[in-house]
Amino acid sequence: MRDLLVLLEQDARRTPAQLAELTGLPENQIAEQIQEWEKGGVIRRYKTVVDWERYGDEKVFAFIDVSVTPERGTGFDDVAARIYRFPEVHSVYLVSGAQDLRVVVQGRNMKEVANFVAEKLATIELVNSTTTHFLLKKYKDDGDLFTEAEVNHRLVIAP
Amino acid sequence: MKPLNEVVQNTPPSGIRRFFDIAQSMEGVISLGVGEPDYVTPWRVRESGIWSLEHGYTTYTSNAGLLELRQAISKKLNSLYQLDYDPDKQILITVGVSEGLDLALRALLNQGDEVIVPDPCYVSYVPCIQFAGGVPVRVPSYSEEEFRLDPERMERAITSKTKAILLCYPANPTGATQTRENLRKIVTVAAAHDLYLISDEIYDRLSFTRPHTSIPALTGAWDRTVLLNGFSKAYAMTGWRIGYACGPSPIIEAMTKIHQYTMLCASHLAQRAALEAINGGEEDVQAMVADYDRRRRYFVRGLNSAGLDCQEPSGAFYAFPSIRHTGLSSLEYAEALLMKERVAVVPGNAFGDCGEGHIRCSYATSLDNLEEAIDRIRRFNDQLGGHRLEKTGAALP
């Protein structure tokens, strides 16, 4: 069953019929299992990996290390929620080390991201400091290569 | 000029070679003709090769190969198959299984000794036996028996001159694996006639429907078996040319003697990379094996739906469907398929007479390629079917 998830994670468009061929499991059992995972939140949703730069869209990403003051009772959760509710925020992680939160912010240009950090993020009451790193080039993202794939040097026929 | 060596002169060039030249010059070919993984060597292994160059590991190693590597192999074989080989005396690092096979044959055979091989078998076996002065004796195996060598038929081929039996399971080109029961019988026959066993287990990790049985692990086999294996298939390291031979000390000593005067040692770079592969590559192996298994299911079903009669192969990464019903020979079918639909497969007769009527299709290629290849084969078969009807006429209303 785990194999099924691996296959879907590689390509969400695989149909139950194709998955049945690849795993040897019956098709109806696969369909039921997928439904169960969708309901249970094991499968969060299906999406497409887009290379926006290749499409021609300019997008700017910045990684922002945020140092915050945790609150009694809720720890970092409340302040994290105040941050992740902004649609500009792409991801939020609680991390170990000098800073507390690592936030990824997305914008149309550097000014937009800088403004968001200065006006929204840094001004949140419990935020002590921010350090912003702009993304310059994306090589690999979430397991996907954003550079040219390696050339296969195999011969056409070999013993 | 005086004539060249007779044995070499009398060896026909590989049947694959001619085909290769045609296919290589064509555009848009989907190749199912490749006997190697479509993965590039896992990065951790390549990176370790680079590291070893940076750190100056560019010298000879001992003839037998890096002790560390032999130790790692010994440990691995023990954990996989409960085999016991002393890294000091019973393991030799070779330049791929190909060199290991050549060494084993040269170390075991006297002029005129017979070696039993299944038919069909890997293209190198028969010529290598001949180059070593031996006489190959082919024992047929049939699709009805899932191309498993039958112990009784094998025993009937034994003469007073028989010295060894050369086996390869999981098998190239058929994708067959042997049952433990059959292998036990083969070992019993070998012991009864005091024969050596040479077991090429290069596809051992690619056994899908039953756990792999390593021949020397069977009762009574260890003393008479040379086990050959390597890194090419499990770790996608074909071009590194790195393998190993294991066996009783006297045989490995004899093989090492030939190896030290001909090869000196296997490539130091490749040995370092292999060490990383065996120590850290297990996850990569398991991911690749799982992927091959998926492709196998998909491809075999596809071939059958495209009008070929294909048994489910249980190992390696080959399907060996029958094309008999088309009325064409293996070579005719493979040539026509290449010319008309640009799909490269290897005609089964390249692997022996019993391969006639079959084609070898490697599914070590992407699912997209397999899908496209199946579509093309279907189209090709449909056209063939129509053509035959036209020719005979009688079947048309």
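Novice: Whenever I open this one, the overall build of chain B confuses me. Can you help?
Specialist: Summing up its helical and strand segments, chain B has 13 helices and 12 strands in all. The principal-axis extents of the C-alpha atoms in chain B amount to approximately 75 × 55 × 55 Å. Counting every position in chain B, which comprises 397 residues, the buried fraction comes to 58%. Nonlocal contacts in chain B, meaning residues at least 24 apart in sequence, comprise 75% of its contacts between residues at least 6 apart.

Novice: Got a minute to help me understand the packing of aromatic side chains in this structure?
Specialist: The relative placement of two aromatic rings is captured by the distance of their centres and the angle of their planes. In this structure the tally under the stated criterion is 15 aromatic pairs over all chains. Here the aromatic rings of Trp52 of chain A and Tyr55 of chain A are separated by 5.7 Å at their centres, their planes lie at 90°, and the arrangement is edge-to-face. One end of the pair is Trp52 of chain A and the other is Tyr55 of chain A, both in helix H4 (residues 52–55) and 3 residues apart, which spans about a single turn. The class of Trp52 of chain A is partly exposed, set by a relative accessible area of 36%. With a centroid separation of 5.5 Å and an interplanar angle of 90°, the aromatic rings of Tyr203 of chain B and Phe317 of chain B are classed as edge-to-face. You can see Tyr203 of chain B sitting in the loop between strand E6 (196–200) and strand E7 (225–230) and its partner Phe317 of chain B sitting in the loop between helix H11 (282–305) and strand E9 (318–319), a full 114 residues away along the chain. Assessed through its relative accessible area of 2%, Tyr203 of chain B is described here as buried. The class for Phe317 of chain B is buried, based on a relative accessible area of 0%. Among the aromatic residues, those joined into a cluster by ring pairs are Tyr39, Tyr203, Tyr292, Phe317 and Tyr318 of chain B. The cationic tip of Lys138 of chain A hangs over the ring face of Phe146 of chain A; the distance from NZ or CZ to the ring centre is 4.8 Å.

Novice: Teacher, can you tell me more about the domain arrangement of chain A here?
Specialist: The parts lose accessible area when they come together, and the size of an interface is often stated as this lost area. When cut into domains, chain A gives domain 1 (2–40) and domain 2 (52–136). Taking the mean C-alpha position of each, domain 1 of chain A and domain 2 of chain A sit 35 Å from one another.

Novice: Looking at this structure, how should I read the interface of chain B and chain A?
Specialist: Chain B puts 30 residues into the contact, and the matching count from chain A is 17 residues. Interface of chain B and chain A: buried area, both sides summed, is about 2000 Å²; carbon and sulfur atoms make up 55% of it. Between chain B and chain A we count 1 salt bridge in total. Taking the shortest distance from any N to any O, the salt bridge between Asp3 of chain A and Arg294 of chain B comes out at 2.4 Å. Broken down by secondary-structure element, the contributors of at least two residues to the side of chain B that touches chain A are helix H2 (15–24) and H11 of chain B.

Novice: Whenever I open this one, the side chain of Ser207 of chain B confuses me. Can you help?
Specialist: All names here are of chain B. Along the chain, Ser207 falls in the loop between E6 and E7. For Ser207, the side chain forms a polar contact with the main-chain oxygen of Arg210, separated by 2.7 Å. Those residues in contact with Ser207 that lie beyond four places of it in its chain are Pro170, Thr177, His212, Ser314 and Gly315.

Novice: Is there a simple way to explain the packing of helix H1 (residues 2–10) of chain A against helix H2 (residues 16–23) of chain A in this structure?
Specialist: For any two helices packed against each other, one specifies the inter-axial angle together with the distance between the axes. Residue and element names in this part refer to chain A. Between H1 and H2, the least distance of the axes is 11 Å, while the angle of their chain directions is 125°. One element, H1, and the other, H2, form an angle in the oblique class. The handedness of the crossing between H1 and H2 comes out as right-handed. Packed against H1, whose contacting residues are Asp3, Leu4, Leu7 and Leu8, the element H2 presents Leu19, Leu22 and Thr23 at the interface. For the contact of H1 with H2, the class distribution of residues is 5 nonpolar, 1 polar and 1 charged.

Novice: Can you walk me through a negative patch on the surface in this structure?
Specialist: Judged by side-chain charge, Glu71, Asp77, Asp78 and Glu125 of chain A come together as a negatively charged surface patch. On the basis of relative accessibility, which here comes to 56%, the residue Asp77 of chain A falls in the exposed class.

Novice: Would you explain the pairing of E6 of chain B in this entry?
Specialist: Consecutive side chains along a regular strand alternate between the two faces of the sheet. Residues and elements named next belong to chain B. Counting buried residues along E6, 4 of its 5 residues qualify, which places the element largely inside the surrounding structure. As paired elements, strand E5 (residues 162–168) and E6 share 5 bridges and run parallel to each other. Pairing of Cys168 across the sheet is with Asp200, part of E6. For the crossover that starts at E5, traverses helix H8 (residues 180–192) and ends in the parallel E6, the hand is right-handed. Bridging between E6 and E7 involves 4 bridges; their strand directions are parallel. The residue bridging Leu197 from the neighbouring strand is Thr225, located in E7.

Novice: Before we go on, may I ask you to explain the domain arrangement of chain B in this structure?
Specialist: Residue and element names in this part refer to chain B. You can read the domains of chain B as domain 1 (6–41 + 283–387) and domain 2 (43–280). Placing the centre of domain 1 and that of domain 2 at their C-alpha centroids yields a distance of 25 Å. Between domain 1 and domain 2, the contact holds 36 residues from the first and 43 residues from the second. Note on domain 1 versus domain 2: buried area summed over both sides is about 3100 Å², and carbon and sulfur give 61% of it. Joining domain 1 to domain 2, the criterion identifies 17 residue pairs in polar contact (both at pLDDT 80 or more). At the level of secondary structure, the elements contributing two or more residues to the side of domain 1 that touches domain 2 comprise helix H1 (6–10) and H11. The dominant element in the side of domain 1 that touches domain 2, judged by the number of residues it contributes, is H11, at 8 residues. Looking at the side of domain 1 that touches domain 2 residue by residue, the classes come out as 19 nonpolar, 10 polar and 7 charged.

Novice: I'm lost on the pattern of salt bridges in this one. Help?
Specialist: A pair can form between side chains of opposite charge whenever their charged atoms are brought close. All names here are of chain A. Inspection of every chain in the model, using the stated rule, returns 26 salt bridges over all chains. The residue Asp51 makes a salt bridge to Arg54 at a minimum N-O spacing of 3.5 Å. For Asp51, a relative accessible area of 25% puts it in the partly exposed group.

What counts, and where the lines are drawn
Positions within a chain are numbered from 1, following the residues in the order the chain's sequence is written. For naming, the first written chain is A and the first written ligand is 1, with later ones following in the order written. Owing to the predicted nature of the model, reporting of local features is limited to residues with pLDDT of at least 70; listing and counting of side-chain atom pairs is limited to 80 or more, with chain, interface and lining totals taken over all residues. Hydrogens and water are ignored here; the side-chain numbers use all heavy atoms of the structure. Where helices and strands are cited, they refer to DSSP runs of H or I of at least four residues and of E of at least two residues respectively, numbered from the N terminus. For every residue, the accessible area (1.4 Å probe, protein chains only) is compared with the maximum for its type, and the residue is labelled buried under 20%, exposed over 50%, or partly exposed between those bounds. Residue contacts are defined here by distance: any two heavy atoms, one from each residue, within 4.5 Å place the two residues in contact. Only centres within 6.5 Å qualify two rings of Phe, Tyr or Trp (six-membered ring in Trp) as a pair; their planes then separate them into stacked at under 30 degrees, edge-to-face at over 60, and tilted for everything else. The rule for a charge over a ring is simple: NZ of Lys or CZ of Arg within 6 Å of the ring centre, and within 35 degrees of the ring normal. Where each domain begins and ends follows an automated or database-derived domain assignment. Buried area is a sum: the accessible area each of two parts loses on coming together, probed at 1.4 Å, counted once for each and added. Any carboxyl oxygen of Asp or Glu that lies within 4 Å of a side-chain nitrogen of Lys or Arg is treated as forming a salt bridge with it. In the analysis that follows, any N or O atom pair within 3.5 Å is treated as a polar contact, provided that within protein one partner can donate a hydrogen and the other can accept it, and provided that, for residues neighboring in sequence, both atoms belong to side chains. Note on definitions: angles span 0 to 180 degrees between N-to-C directions of axes, and those axes are lines fitted to C-alpha atoms, for helices only across the stretch in contact. Under this scheme an angle from 65 to 115 degrees is roughly perpendicular, one under 35 degrees roughly parallel, and one over 145 degrees roughly antiparallel; angles in between are oblique. Put simply, a crossing is left-handed when the front helix is turned counterclockwise from the back one by less than a right angle, and right-handed when it is turned clockwise. All residues other than Ala, Val, Leu, Ile, Met, Phe, Trp, Tyr, Cys, Pro, Asp, Glu, Lys and Arg, Gly among them, are scored as polar; the first ten of these are nonpolar and the last four charged. Patches were defined on residues exceeding 30% relative accessible area and lacking a salt bridge, with like-charge contacts within 9 Å and nonpolar side-chain contacts (Val, Leu, Ile, Met, Phe, Trp, Tyr) within 5 Å. Here the Shrake-Rupley method, with its probe set to 1.4 Å, supplies the accessible areas, and only the displayed protein chains count as covering residues. The charged-residue count follows a simple rule in which Lys and Arg add positive charge and Asp and Glu add negative charge, with His and chain termini not counted at all. Charged groups are reduced to one reference atom each: NZ for lysine, CZ for arginine, CG for aspartic acid, CD for glutamic acid. A pair of strands is labelled paired if DSSP reports no fewer than 2 bridges between them. Note on handedness: a clockwise path from strand one over the helix to strand two, with the strands aimed away from the viewer, defines a right-handed crossover.

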